[in-house]
Amino acid sequence: MEISFFDKVFLLAKQIPYGKVCTYGHIAKAIGAPRAARMVGWAINKSFSHPEYIPAHRVVNRIGMLSGKNHFPNQNTMQELLESEGIIVENDQIIDFEKHLWIPYLFIDTHS
DNA sequence: CTCGTGACTCCCC
DNA sequence: AGGGGAGCCACGA
């Protein structure tokens, strides 16, 4: 039984450490679908209705912008969550983004 | 079943 | 160097 793309995104997102962030692209690459970054965002969006806690606020686009902030209950929720973890956000942009970036290890691709 | 739609990214003019 | 288009794939209508 293979893990769905969907669940892979969740599994990976859950591994993002406190105070760190990751990008859609890196996640996509790590789960073996390097061009499917859009779907990662979509999956993360769905994570709100997922039973387990998914730190959706720790996933941003490649330049460190909070492209998903509008999908949170309030416009400030994402930023507040990040700042509560020690990440400074200014104009929807993470300051010292690369310093907070967490790059996931590659998943084993069971498809091969 | 087909079509449209994404919280994106890369490549090619 | 910057803008536009194509690729990606799951899911709902």
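Preceding this paragraph is the structure being described.
These lines cover the structure that appears in this document, whether it is placed above or below.

Here is what the cut-offs are and how they apply
- Residues numbered from 1 in each chain as written.
- Chains lettered and ligands numbered in written order.
- Predicted model: local features only at pLDDT ≥ 70, side-chain atom pairs only at ≥ 80, totals over all residues.
- Heavy atoms only, no water.
- Near = heavy atom within 4 Å.
- Polar contact = N/O pair within 3.5 Å; in protein donor to acceptor, adjacent residues only side chain to side chain.
- Helix = DSSP H or I, 4+ residues; strand = E, 2+ residues; numbered from the N terminus.
- Nonpolar A, V, L, I, M, F, W, Y, C, P; charged D, E, K, R; others polar.

## What to know about the protein's contact with DNA strand B
Phase 1: Taken together, 17 residues are adjacent to DNA strand B, and Tyr24, Arg38, Asn61, Arg62 and His71 come closest.
Phase 2: Near the protein, meaning within 4 Å, the atoms of DNA strand B are sugar or phosphate in a fraction of 44%, with bases accounting for the rest.
Phase 3: Separating a phosphate oxygen of DNA strand B from a backbone N or O atom of Arg62 is a distance of 3.0 Å.
Phase 4: Counting only elements with at least two residues in the surface near DNA strand B, the list comes to helix H2 (24-30) and helix H3 (37-46).
Phase 5: At 6 residues, the largest contribution of residues to the surface near DNA strand B is made by H3.
Phase 6: Residue composition of the surface near DNA strand B, by class: 8 nonpolar, 7 polar and 2 charged.

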